[in-house]
Amino acid sequence: MKNLERDSIDFGKSKIGPLFRSIFFPTLLSMVFTSLLTVVDGIFVGQGVGSDALAAVNIVAPLFLVTTGIALMFGVGVSVVASIHLSQGNNKAADINVTQALVVAPMLMAILSVILYFGRIPFLRLMGCSDVLMPLALQYLIPLLPGCVFILIETIGTFVIRLDGSPRFASAVGIVPGILNIFLDWLFVFPMKMGIAGSSVATTVCCAIASAMVAWYMLRRSQSVRLYQLKLSRTSLYLTVRNIGYMSRSGFSSMLGELAMSMIMLTGNYVFIRWMGEDGVAAFSVACYLYPIVFMVNNSVAQSAQPIISFNYGAGKGDRVREAFRLSLRTAAICGLLATAVLTLGATPLISLFLQAGTKPYEIATAGLPLFAVSSVFFALNIAIIGYYQSIELNGRATLYMLLRGLVFIVPAFILMPQLIFPQGMWLAVPVSECLTLGVILLTKKKIC
């Protein structure tokens, strides 16, 4: 544990290549294990409970993505703001921003979780849940609600810990719960026969453990960025609201990235259940389980470049900003190509993890996943470029591009593509949306600072 506490990192002077890699590889490892919280749920639910349970999890999954999106909004926002404060020597302001994010965001999520508990039936109806899937969806949703609060603490904490110069400990915050989640999913679903609820309980427990690791680090081991005792005066509350608003604007496009995945799931669930029924939703859920891994891998590129770009942007070092961005773009392209290759060439064994061979959902997924995989390359480049604009506080541009890929293009694509080419059009809706977004970005690109 001691070796994880602190790494030798200087955002303003270290060579960009080694600096980026020292953050990227721990971040990548952490992101992959974090995504296992969702993927492992799907594997154990699909194999241990059945395809209807897998479809029910996919109905609830948008809530998980919305929660992660809110967490990313605050995590990216506080990281950008605090990075700039640190580059200008204003450590107190950075400490205040970090504390406000770690306190206010979980409080807001707790309120939202209570509202969702009392409105759980209308919420699931809104998510497209059928009468057949409703009992299973309820079993999965209720134990997950407390975990949503812990997800915010975990995600924001990892951003802060990386900024504090400890990317390896930040990685451990994702890896340790990820490994534990595999064991608990098996234990609760199979030996204890808790069914779909067991998978949800396992996720909540692991997120709570990750939050405890963040709290331990911030209270005992933080160096450059520390918790600051907030005041309850009228002026302090006003400043908290102002700072939270600023952080939210800085990280808003990151939340839209998760909401885009939520919109993909929500719209896709409606389209697949309309054209193919519950079997179609179960098949589509496999892509929805695998897509967050692609998102996490490419998001790790953007998150690794962000503190480097933001710090040097605040310090006025444009050459280092340009070098970091170009490195992140090259890395994103490589990750996107690898993701496409893995999802295309490994489609059959990957689908077998979730669904029984020979079933109707299995056949639908086998035909569709290679088509869906084409989106990975375009998605990787989009996320890297949007992350750059966030890092230099061009929030309006970053938000616009996220809206294009998450709403403006994806909804019409899901509606129109199946009518043009069925059933392939349903699987090609996401690649078309990502490709159109990249085209708009390239046509309207702004010169690198």
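What follows concerns the overall build of the chain. A count of helices and strands for the chain gives 15 helices and 0 strands. Relative to the globule expectation of 22 Å for 449 residues, the C-alpha radius of gyration of the chain, 21 Å, shows essentially globular dimensions. By its C-alpha atoms, the chain is 60 × 50 × 40 Å across when sized along the principal axes. Of all 449 residues assigned to the chain, the portion counted as buried reaches 60%. Once local pairs closer than 6 in sequence are excluded, the contacts in the chain between residues at least 24 apart make up 83%. Here the chain displays about 17,400 Å² of accessible surface, and carbon together with sulfur accounts for 68% of that area. Within the chain, the 18 negative side-chain charges are centred at a point lying 12 Å from the centre of the 30 positive side-chain charges.

Helical geometry: 3.6 residues make up each α-helical turn, so side chains three or four residues apart lie on a common side. Across its 81 residues, helix H8 (residues 234-314) extends only 30 Å between first and last C-alpha, which sits more than 12% below the 120 Å expected from 1.5 Å per residue. Within two residues after H8, Gly-316 carries a phi angle of roughly 75 degrees, on the positive side.

Another aspect to go through is unusual backbone geometry. Put simply, Phe-422 and Pro-423 share a cis peptide bond, and its omega is 5 degrees. Checked against the element boundaries, Pro-423 lands in the loop between helix H14 (410-420) and helix H15 (424-443). The residue Lys-193 is not glycine, and still its phi comes out positive at about 50 degrees. Secondary-structure assignment places Lys-193 in the loop between helix H6 (167-189) and helix H7 (196-220).

This part is about the nonpolar core. Soluble globular proteins tend to pack their nonpolar side chains together in the buried interior. If you look at the biggest cluster of nonpolar residues, it comprises 147 residues, and the most contacted ones within it are Leu-124 and Phe-414. Considering every element that reaches this core, the biggest residue donor is H8, with 29 residues. If sequence neighbours within four positions are ignored, Leu-124 has contacts with Ile-59, Val-60, Cys-129, Met-134, Ala-137, Leu-138 and Leu-141.

What follows deals with the pattern of salt bridges. All told, the structure shown has 2 salt bridges when counted by the stated rule. With its nearest N and O atoms 2.8 Å apart, the salt bridge here joins Asp-131 to Arg-125. Taking the shortest distance from any N to any O, the salt bridge between Glu-434 and Arg-405 comes out at 2.7 Å. With a gap of 29 residues between them, Glu-434 in helix H15 and Arg-405 in helix H13 (residues 395-408) connect regions that are remote in the sequence. Looking at Glu-434, the relative accessible area reads 1%, which means it is buried.

Our next topic: H14. Restricting attention to buried positions, one finds in H14 the residues Ile-410, Ala-413, Phe-414, Met-417 and Pro-418. What you see down the axis of H14 is that its buried residues fit within an arc of 105 degrees, all on one side. Opposite its buried face, H14 presents the exposed residues Gln-419 and Leu-420, each directed more than 90 degrees away. Residues of H14 that are buried make contact with H8, H13 and H15.

Another point: the packing of helix H2 (residues 51-87) against helix H3 (residues 91-118). Where H2 contacts H3, the two axes come as close as 8 Å, and the packing angle between them is 170 degrees. By the angle between their directions, the pair H2 and H3 is classed as roughly antiparallel. Taken together, the residues of H3 that come into contact with H2 (itself represented by Leu-63, Thr-67, Ile-70, Phe-74, Val-78, Val-81, Ala-82, His-85 and Leu-86) are Asn-91, Ala-93, Ala-94, Asn-97, Val-98, Ala-101, Ala-105, Leu-108, Met-109, Leu-112 and Leu-116. For the contact of H2 with H3, a count of residues per class yields 16 nonpolar, 4 polar and no charged.

Assignment of secondary structure puts Asn-298 in helix H8. Among the residues examined, Asn-298 registers a relative accessible area of 2% and is labelled buried. Leaving out residues up to four positions away in the same chain, Asn-298 has contacts with Ala-332, Cys-335, Gly-336, Phe-379, Ala-380 and Ile-383.

Moving on: the confidence of the model for the chain. When pLDDT is averaged across the chain, the result is 85; 96% of the residues are at 70 or more. Within the model, pLDDT remains below 50 along residues 1-7, and this stretch shows 21 contacts once partners closer than five positions in the same chain are excluded.

Quick look at the environment of Leu-345 now. The residue Leu-345 is located in helix H9 (residues 318-345) in this model. C-alpha of Leu-345 to C-alpha of Pro-106: the two residues are 239 residues apart in sequence and 41 Å apart in space.

Taken together, the side chains of Val-114, Tyr-117, Phe-118 and Ile-142 make up a nonpolar region of the molecular surface, amounting to roughly 400 Å² of accessible area. Take the nonpolar patch: its biggest share by element is 3 residues, from H3. The residue Ile-142 is located in helix H5 (residues 134-163) in this model.

Structurally, Ser-376 can be placed in helix H12 (residues 375-391). The buried category is assigned to Ser-376, whose relative accessible area is 1%. In contact with Ser-376, not counting residues within four places along its chain, are Val-294, Gly-336, Ala-339, Thr-340 and Leu-343.

All told, the structure shown has 17 aromatic pairs when counted by the stated rule. On the numbers, 5.3 Å between centres and 80 degrees between planes, the contact of Tyr-117 with Phe-118 is edge-to-face. Classification of Tyr-117 by relative accessible area gives partly exposed; the value is 35%. Between the aromatic rings of Tyr-389 and Tyr-401, the centroid separation amounts to 6.0 Å while the plane-to-plane angle is 50 degrees, which identifies the pairing as tilted. Here Tyr-401 lies in helix H13 and Tyr-389 lies in helix H12, a separation of 12 residues in the sequence. The pair formed by Tyr-389 and Tyr-401 is uniform in burial state, with each residue classed as buried. Grouped by ring-pair contacts, the aromatic residues Phe-272, Phe-284, Phe-414 and Trp-427 constitute a single cluster. Above the plane of the ring of Tyr-117 lies Arg-120, whose end atom (NZ or CZ) is 4.5 Å from the centre. A cation over an aromatic ring shows up here: Arg-162 above the ring of Phe-159, its NZ or CZ 5.1 Å from the ring centre.

Rules used throughout
Residues numbered from 1 in each chain as written. Predicted model: local features only at pLDDT ≥ 70, side-chain atom pairs only at ≥ 80, totals over all residues. Heavy atoms only, no water. Helix = DSSP H or I, 4+ residues; strand = E, 2+ residues; numbered from the N terminus. Rg over C-alpha atoms; globule rule 2.2 N^0.38 Å. Buried < 20%, exposed > 50% of the residue type's maximum accessible area, 1.4 Å probe, protein only. Contact = heavy atoms within 4.5 Å. Areas by Shrake-Rupley, 256 points an atom, 1.4 Å probe, with all protein chains shown as cover. Lys, Arg positive; Asp, Glu negative; His and termini not counted. Charge placed at Lys NZ, Arg CZ, Asp CG, Glu CD. Expected span 1.5 Å × (residues − 1). Core = buried A, V, L, I, M, F, W, Y, C linked by side-chain atoms within 4.5 Å. Salt bridge = Lys/Arg side-chain N within 4 Å of Asp/Glu carboxyl O. Arc of directions from axis to C-beta. Axes fitted to C-alpha atoms, helices over the stretch in contact; angles between N-to-C directions. Parallel < 35°, antiparallel > 145°, perpendicular 65-115°, else oblique. Nonpolar A, V, L, I, M, F, W, Y, C, P; charged D, E, K, R; others polar. pLDDT = per-residue confidence, 0-100. Patch = residues over 30% accessible without salt bridge, like charges linked within 9 Å, V, L, I, M, F, W, Y side chains within 5 Å. Phe/Tyr/Trp six-rings, centres within 6.5 Å; stacked < 30°, edge-to-face > 60°. Lys NZ or Arg CZ within 6 Å of the ring centre and 35° of its normal.

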